[in-house]
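Geometric and topological summary
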Amino acid sequence: MLEANRRAWDRMVEQRRPLCQPASDAELADPLAHVDPLGWLGGNIRNWRVLCLAAGGGRHSALYATAGAAVTVVDLSPAMLELDRAVAQERSLSIRAIRGTMDDLPMLRDGEFDLVIHPVSTCYVRRVAPVFAEVARVLRPGGLYVSQHKQPVSLQASIDPQPTGGYQLRHTYYREAPVPPPTESCSSAARLRESGATEFLHRWEQIIGGICRAGFVIEDLVEPVHAKEDAEHGSFADRARYIAPYVRIKARRRGSGPALWLP
Ligand SMILES: C[S@@+](CC[C@H](N)C(=O)[O-])C[C@H]1O[C@@H](n2cnc3c(N)ncnc32)[C@H](O)[C@@H]1O
């Protein structure tokens, strides 16, 4: 499964897919506006030690480094990490790029980071609890964990609309097996699912409850809006009118006590 996902992301880099594009000049001119539109980070992250987890591709690492943070990026895909190394060299940024899987981070020290940024990617591991336990371990007490996840219902639902409008609930909620790949091959399928990747659905109790049980307090939660009222029938923005594709969570590492870890 790890190997299939590594291959899928390496291939997406070859295809120059949107999620494999380094930060642009316009984004780098005002990096915090792009990575922190809600102001969760308080407006200044100079000298923060930031882990960009499963965040290769040269976008997150470059934006946080340009905002003044000391950045480490961990990703499964060597091709994604090459984009981070290339942007670091081109922009004279100091970025540490490490290959690894998000649920096992032995190369990182306890309490090493002030902030962990985790873009959508927990869908690529079977179990999320070990990921949250590792994030809790490498964050200092009081540190922030900002993560984004695919919403379970978005993974359950059809990509194409029903003839009468709306979307069909296609896959079970309680499941150990990966979510079957979409049968559709339209442009919104490419935005919602990564071709060739193995993806798992995590229930709300596993995402929200899992973050709390790992030793965090959730301070905020938003569902970024991708819906457009006048969206073309069956487009990504139309589907988002019915089903919010993602959730973004701000969590803070609790004090010094040990994290509770439930398998
Ligand atoms: C959404 S992309 C990352 C960020 C992207 N550049 C962006 O702009 O949002 C998800 C990343 O997760 C990585 N990934 C998949 N499975 C992983 C795993 N088990 N451990 C670490 N990274 C993983 C992929 O290689 C990919 O780079």
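Structure's up top.
The notes below deal with the structure included here. (Residues numbered from 1 in each chain as written. Predicted model: local features only at pLDDT ≥ 70, side-chain atom pairs only at ≥ 80, totals over all residues. Heavy atoms only, no water.)

A separate point is the sheet that holds strand E3 (residues 95-99). One open sheet holds the 7 strands; their spatial order is E3-E2-E1-E4-E5-E7-E6, and the pairing between them is mixed. What marks the edges here is a single partner per strand, and that holds for E3 and strand E6 (216-222). Put simply, the sheet's adjacent strands are angled 15° from each other on average, direction ignored. (Pairing = 2+ DSSP bridges. Helix = DSSP H or I, 4+ residues; strand = E, 2+ residues; numbered from the N terminus. Axes fitted to C-alpha atoms, helices over the stretch in contact; angles between N-to-C directions.)

Counting 28 residues, the largest nonpolar core has Leu41, Tyr64 and Leu115 as the members making the most contacts within it. The set of elements that each furnish at least two residues to this core consists of helix H3 (31-35), strand E1 (49-53), helix H4 (60-66), strand E2 (70-75), helix H5 (78-91), E3, strand E4 (113-118) and strand E5 (139-150). In this structure, Leu51, Leu53, Ile98 and Val125 belong to the second largest nonpolar core, which totals 26 residues. (Core = buried A, V, L, I, M, F, W, Y, C linked by side-chain atoms within 4.5 Å. Buried < 20%, exposed > 50% of the residue type's maximum accessible area, 1.4 Å probe, protein only.)

It is worth spelling out the packing of aromatic side chains at this point. The geometry of an aromatic ring pair is captured by two quantities: the separation of the ring centres and the angle between the planes. Tallied over the entire structure, the rule returns 5 aromatic pairs. With a centroid separation of 5.4 Å and 40° between ring planes, the pair formed by tyrosine 145 and phenylalanine 216 is classed as tilted. Here tyrosine 145, found in strand E5, pairs with phenylalanine 216, found in strand E6; they are 71 residues apart in sequence, far enough to count as distant. With a relative accessible area of 0%, tyrosine 145 lands in the buried category. Both rings, one in tyrosine 167 and one in tyrosine 242, keep their centres 5.3 Å apart while their planes meet at 65°; by these two values the pair is edge-to-face. Here tyrosine 167, found in the loop between helix H7 (152-156) and helix H8 (187-192), pairs with tyrosine 242, found in helix H10 (residues 236-242); they are 75 residues apart in sequence, far enough to count as distant. Given the relative accessible area of 15%, tyrosine 167 is considered buried. Three or more aromatic residues joined by ring pairs form one cluster here, namely Phe132, Tyr145 and Phe216. One cation-aromatic arrangement involves arginine 191 over phenylalanine 236; the distance from NZ or CZ to the ring centre is 3.8 Å. Here arginine 239 stacks its cationic end above the ring of tyrosine 167, 5.9 Å away from the centre of that ring. (Phe/Tyr/Trp six-rings, centres within 6.5 Å; stacked < 30°, edge-to-face > 60°. Lys NZ or Arg CZ within 6 Å of the ring centre and 35° of its normal.)

Even without glycine at this site, asparagine 47 takes up a positive phi of about 70°. Take asparagine 47: it is sitting in the loop between H3 and E1. In this structure, alanine 54 takes a positive phi of about 50° despite not being glycine. For alanine 54, the location among the structural elements is in the loop between E1 and H4.

For helix H6 (residues 129-138), the tally of buried residues reaches 8 of 10 residues, placing the bulk of the element in the interior. All of the buried residues in H6 are Ala129, Pro130, Val131, Phe132, Glu134, Val135, Ala136 and Val138. Check the buried side of H6 and you find it contacts E1, E4, E5, helix H9 (204-213), E6 and strand E7 (246-253). (Contact = heavy atoms within 4.5 Å.)

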